[in-house]
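Here's the letter readout for the chains.
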Amino acid sequence: MTIPQKSTPINDLILEARWTHATKEEFIKPYFIELKNFLLKEQADNQVVYPSTSQIFKAFNNTPLNEVKVVIIGQDPYHGSGQAHGLCFSVPDGIKPPPSLQNIFKEIKSDLGNEIPTSGNLERWAKQGVLLLNSLLTVRANQPASHHKKGWEQFTDKVIETISKEKTEAVFLLWGRFAQEKESLIDQSKHFILKAAHPSPFSAYNGFFGCKHFSKTNELLRQQGKKEIIW
């Protein structure tokens, strides 16, 4: 991970202009400076960190604030080689979809009749206004949640609060306990919240399968006169 010591955080991590404007104060707060220093230490210690620096803010760069219609909240990036690329639940082309993503595709097929795609790359969703937001934006290789409580949660909570404040009628998909803990950050008088179990194989049968969140989301968008998501 290349994070130049002499650069400011905003230059280290390239962020789309609208998100930069909305979150710029975060980059000078003590917690973010500590987070940057932690990432620099990971680099100095030769730790492998996912995703690459250029992809840490990919969710924001693919889905500018003014284009957000749907928000899916994940926990932290995939920790296996080649999997994480800055979008929650997504993997790059050519990488086998992990079990949770496979279950997401199964639910889409059950809900909408769509065939299961060969690629697990969800950039196509991001470019339609689906913000694929992990609460933690980095992870050490093969060590899930290794960057927990290093500062990312504070930053991404600010992102959720910003969407809640500046947008109206966004659809938040909260899958599993971790995502549902973010519910208090969302103004429910302005936005829609759909909750279900996490799509992990450990919990998908406890309420994710059959949730029909994809058709429900499109119905909510349709009621607002917004373009539906091609899932």
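The present account deals with the structure reproduced in this document. (Residues numbered from 1 in each chain as written. Predicted model: local features only at pLDDT ≥ 70, side-chain atom pairs only at ≥ 80, totals over all residues. Heavy atoms only, no water.)

Thoughts on the sheet that holds strand β6 (residues 192–196)
- Pairing is parallel in the open sheet, where four strands are placed in the order β3-β2-β5-β6. Each edge of the open sheet is held by one strand with a lone partner, namely β3 (130–134) and β6. The sheet shows a mean angle of 20° between the axes of neighbouring strands, taken without regard to direction.
- Along the sheet face, helix α7 (residues 152–166) touches β2 (70–74), β3 and β5 (171–175) and points at about 155° away from the line of β3. (Pairing = 2+ DSSP bridges. Helix = DSSP H or I, 4+ residues; strand = E, 2+ residues; numbered from the N terminus. Axes fitted to C-alpha atoms, helices over the stretch in contact; angles between N-to-C directions. Contact = heavy atoms within 4.5 Å.)

A word on unusual backbone geometry
- With an omega of -10°, the peptide bond between Y50 and P51 qualifies as cis.
- Position of P51 among the secondary structure elements: in the loop between β1 (49–50) and α4 (58–62).
- For N142, which is not glycine, the phi dihedral falls at a positive 65°.
- By relative accessible area, which is 59% here, N142 ends up exposed.
- A positive phi angle is found at A145, which is not glycine, with a value near 65°.
- Here A145 is to be found in the loop between β4 (139–140) and α7.
- Residue classification places A145 among the partly exposed residues on the basis of a relative accessible area of 33%. (Buried < 20%, exposed > 50% of the residue type's maximum accessible area, 1.4 Å probe, protein only.)

Quick notes on the side chain of S135
- Looking at where S135 falls in the secondary structure, it is placed in the loop between β3 and β4.
- Excluding anything up to four places from it in sequence, S135 contacts G74, Q75, W152, E153, T156, F178 and K182.

A closer look at helix α3 (residues 30–44)
- In a regular helix each residue adds 1.5 Å, so 15 residues correspond to 21 Å; α3 covers 21 Å between its end C-alpha atoms and thus fits that length.
- Restricting attention to buried positions, one finds in α3 the residues Y31, F32, L35, K36, F38, L39, L40 and E42. (Expected span 1.5 Å × (residues − 1).)

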